[in-house]
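# Observations on the three-dimensional arrangement
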Amino acid sequence: MENNKIAVGLDIGTTKIVAMIGRKNEYNKIEVVGIGKAKSLGVKRGVVSNITQTIQSIQQAVDEAESVSGLKIEEVVVGIAGQHIRSLHHSDYITRNNADEVIDELDIENLVNQVHKLVMLPGEEIIHVLPQEFKVDSQADIKEPIGMYGGRLEANFHVVVGQVSSIRNIGRCVKSAGLGLSDVTLEPLASASAVLSLEEKEAGVALIDIGGGTTDLAIFKDGIIRHTAVIPFGGNVITDDIKEGCSIIEKQAELLKIKFGSAWPGENKETEIVSIPGLRGREPKEITLKNLSKIIHARVQEIIEQVYLEIKNYGHETAKGKLIAGIVLTGGGAQLKHLRQLVEYITGMDARIGFPNEHLAGDSDDLLSSPSFATAVGLLMEGLERETKQEEPEEEVVEEVEENTSTEDEIEQPQEEEPKKVKKKKSFFEKFTEGLKDFLDNAE
């Protein structure tokens, strides 16, 4: 981009595709200069099912964002989600050759690389390796082992795994739409960046992002991501249930859900009726709001119970894993009336709706602070973070190399590790993004 302070987040969802262009203002807040939306036609449950339609939807969203901002989009930060994403916990260790030297970034890199060699199911690939706590010799619960002495370095890892073909399909769609891939990130992590505070991540919080096709879960505790999961149900299944239960078309079911839908059936009286125009030459249909909210309640309850099962599997009911900050709901589905109350009732945990407005400039459009744009704002934040990071490390690396040429051999090794540290800290996704770019280039 001409102005390297500008970044673009591209949220490829099941119901909509959003391209968001933004930059940071003098107060370090995000100023959105252009946004484009398009109906997502080729994506089912977060997975691309029709390449041609997805490319058209991406181009439509990008064109709209370009015309609003007057800028040309070249590279985007894309989110990965979908029902193929799963996570697992893994412990691994390395034995260091020299216990008399302090642990450095290279040791951690070796340990992470060892986890990347784990054998996965056919067609799956590790896309994210997140260290939890480290253990040096017999000393446990270490957050930062660099600079410590020890012979054996051990760590617990949160490993995110995805279907290679699904991820490559998203990359292919982005590339075919004439865009470069500057970064790939996990959508629950992007949403978390946009709506969670550092205090919540420290205290323990579960982020539930209810999208059109999937519900994403990300659990944080002690400032570290502890668990991620993707449940293959979202707002679309609620719409489908209304469509079937009331014998109406999908468009009418979606409108009914947005305008009159409620997750709590107790509040509607039997006498509250909404009339739906009949199809060509047919009588209008009368639907009671009580019946509508019963249909919504049944499906929403199922989604929340599945999410709560994941939260319990993580260990929320143990003293060590208790999520003090409760639940934060975001995504388009979080706008459903009385959803927060139902979540609190089923889980017994405090809940709030997560709006991404904390990171946006004060004069931003109210529409942008809607929970349905949380992922797009998070991806944009990721892109801007990358832009600022890319400027500093380059200079640092050059300086270190110049110093190394004029120093003794024995000082060379520690000096070399500093650049590695900077590179590694950028993102565990970097190698994967590079591999994806190579694959797409070779597939031409």
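Just so it is clear, the structure is predicted and the values come from calculations on it, not from any experiment.

## Quick notes on the overall build of the protein chain
Per the secondary structure count, the protein chain includes 12 helices and 18 strands. Long-range contacts, defined as pairs at least 24 residues apart, comprise 68% of the intrachain contacts of the protein chain with a sequence gap of at least 6. Working note: accessible area of the protein chain is about 21200 Å², and carbon and sulfur atoms make up 48% of it.

## Some words on the pairing of strand β15 (residues 273-276)
Within a regular beta strand, the side chains point alternately toward one face of the sheet and then the other, so they alternate between its two faces. Of the two faces of β15, only one is covered, namely that formed by V274 and I276; the face formed by I273 and S275 stays uncovered. Pairing of β15 with strand β16 (residues 285-288), which is carried by four bridges, proceeds in the antiparallel orientation. Residue pairing across strands places V274 opposite I287, the latter belonging to β16.

## Description of the packing of aromatic side chains
In this structure the tally under the stated criterion is one aromatic pair. Seen from their ring centres, W264 and Y345 are 5.6 Å apart, and the 85° between their planes marks the pair as edge-to-face. Of the two residues, W264 is situated in the loop between α7 (250-260) and β15 and Y345 in helix α9 (residues 339-347); the sequence distance between them amounts to 81 residues. The exposure class of Y345 is exposed, given its relative accessible area of 64%. Sitting over the ring of F373, K16 keeps its end group 5.7 Å from the ring centre. Over the face of the ring belonging to F220 we find K201, whose NZ or CZ atom lies 5.0 Å from the ring centre.

## Some thoughts on the sheet that holds strand β13 (residues 215-221)
Read across the open sheet, the five strands follow the order β14-β13-β12-β17-β18; overall the sheet is mixed. Two strands close off the open sheet at either side, each with one partner strand: β14 (224-231) and β18 (351-353). Each adjacent strand pair in this sheet contributes to an overall mean axis angle of 20°, direction not counted. For strand β12 (residues 205-210) and β13, the ladder comprises six bridges, and the chain directions are antiparallel.

## Looking at the side chain of K201
Relative to the elements of secondary structure, K201 occurs in helix α5 (residues 198-203). Here K201 occupies a buried position and makes no salt bridge, while the nearest side chain of opposite charge, E200, is found at 8.6 Å. Setting aside residues up to four positions removed in sequence, K201 forms contacts with A192, S193, L196, F220, K221, D222 and G223.

## Re α9
Looking at α9, one finds that the buried residues are L339, L342, V343 and T347. For α9, the angular spread of buried residues about the axis comes to 110°, placing them on one side. Next to the buried residues of α9 lie β12, α8 (289-314), β17 (327-330) and β18. G348 sits one or two residues past α9 and shows a positive phi near 75°.

## Digging into the sheet that holds strand β9 (residues 139-142)
With antiparallel pairing, the four strands of this open sheet are ordered in space as β7-β10-β8-β9. Of all strands in the sheet, those with a lone pairing partner are β7 (86-95) and β9, marking the two edges. Averaged over neighbouring strand pairs, the angle between their axes works out to 35° when direction is ignored. Here helix α2 (residues 105-116) sits on the sheet in contact with β7, β8 (124-136) and β10 (152-163), set at roughly 130° to β7. Across the sheet, helix α3 (residues 164-176) touches β8 and β10, and the angle it forms with β10 is around 65°.

## Focus: the environment of L360
Along the chain, L360 turns up in the loop between β18 and α10 (374-405). Remark: the alpha-carbon pair of L360 and A194, spanning 166 residues in sequence, is separated by 9.4 Å. Not counting the four nearest positions on each side in its chain, L360 is found in contact with K29, I30, V32, L368, S369 and V377.

## Some points on the packing of helix α6 (residues 235-246) against α7
At a minimum axis distance of 8 Å, the contact between α6 and α7 shows a crossing angle of 110°. In terms of their interaxial angle, α6 and α7 are classed as roughly perpendicular. α6 and α7 meet at a crossing whose hand is right-handed. Contacts from G235, I238, T239, D240, I242 and K243 in α6 reach E250, A253, E254, L256 and K257 in α7. Residue classes in the contact of α6 with α7 are distributed as four nonpolar, two polar and five charged.

## Overview of unusual backbone geometry
The general pattern is negative phi for most residues beyond glycine and trans for most peptide bonds. One non-glycine residue with positive phi stands out, namely R45, at about 50°. With respect to the secondary-structure elements, R45 resides in the loop between β4 (43-44) and β5 (47-48). Residue classification places R45 among the partly exposed residues on the basis of a relative accessible area of 32%.

## Brief notes about the environment of S293
Inspection of the secondary structure assignment puts S293 in helix α8. A sequence separation of 26 residues divides S293 from E267, and the C-alpha atoms of the two residues are 9.0 Å apart. When sequence neighbours within four positions are dropped, the list of residues in contact with S293 reads S262, W264, P265 and N268.

## Thoughts on the nonpolar core
L10, I12, M20, I58 and V174 are the most contacted members of the largest nonpolar core, which has 60 residues in total. Counting residues per element, this core draws most heavily on α10, which supplies six residues. Among all residues touching I12, those that are not within four sequence positions of it are I17, V43, T54, I58, V78, I170, V174 and E187. L217, I242, A253 and M349 belong to the second largest nonpolar core, which has 40 residues in total.

## Thoughts on the packing of α8 against α9
Packing of α8 against α9 brings their axes to within 10 Å, and their N-to-C directions diverge by 50°. Classed by the angle they form, the pair α8 and α9 counts as oblique. Handedness of the crossing formed by α8 with α9: right-handed. In this structure, α8 contributes H297, V300, Q301, I304, E305 and Y308 to the contact, and α9 contributes L339, L342, V343, I346 and T347.

Conventions adopted
- Residues numbered from 1 in each chain as written.
- Predicted model: local features only at pLDDT ≥ 70, side-chain atom pairs only at ≥ 80, totals over all residues.
- Heavy atoms only, no water.
- Helix = DSSP H or I, 4+ residues; strand = E, 2+ residues; numbered from the N terminus.
- Contact = heavy atoms within 4.5 Å.
- Areas by Shrake-Rupley, 256 points an atom, 1.4 Å probe, with all protein chains shown as cover.
- Buried < 20%, exposed > 50% of the residue type's maximum accessible area, 1.4 Å probe, protein only.
- Pairing = 2+ DSSP bridges.
- Phe/Tyr/Trp six-rings, centres within 6.5 Å; stacked < 30°, edge-to-face > 60°.
- Lys NZ or Arg CZ within 6 Å of the ring centre and 35° of its normal.
- Axes fitted to C-alpha atoms, helices over the stretch in contact; angles between N-to-C directions.
- Lys, Arg positive; Asp, Glu negative; His and termini not counted.
- Salt bridge = Lys/Arg side-chain N within 4 Å of Asp/Glu carboxyl O.
- Arc of directions from axis to C-beta.
- Parallel < 35°, antiparallel > 145°, perpendicular 65-115°, else oblique.
- Left-handed = near helix turned anticlockwise from the far one by under 90°.
- Nonpolar A, V, L, I, M, F, W, Y, C, P; charged D, E, K, R; others polar.
- Core = buried A, V, L, I, M, F, W, Y, C linked by side-chain atoms within 4.5 Å.

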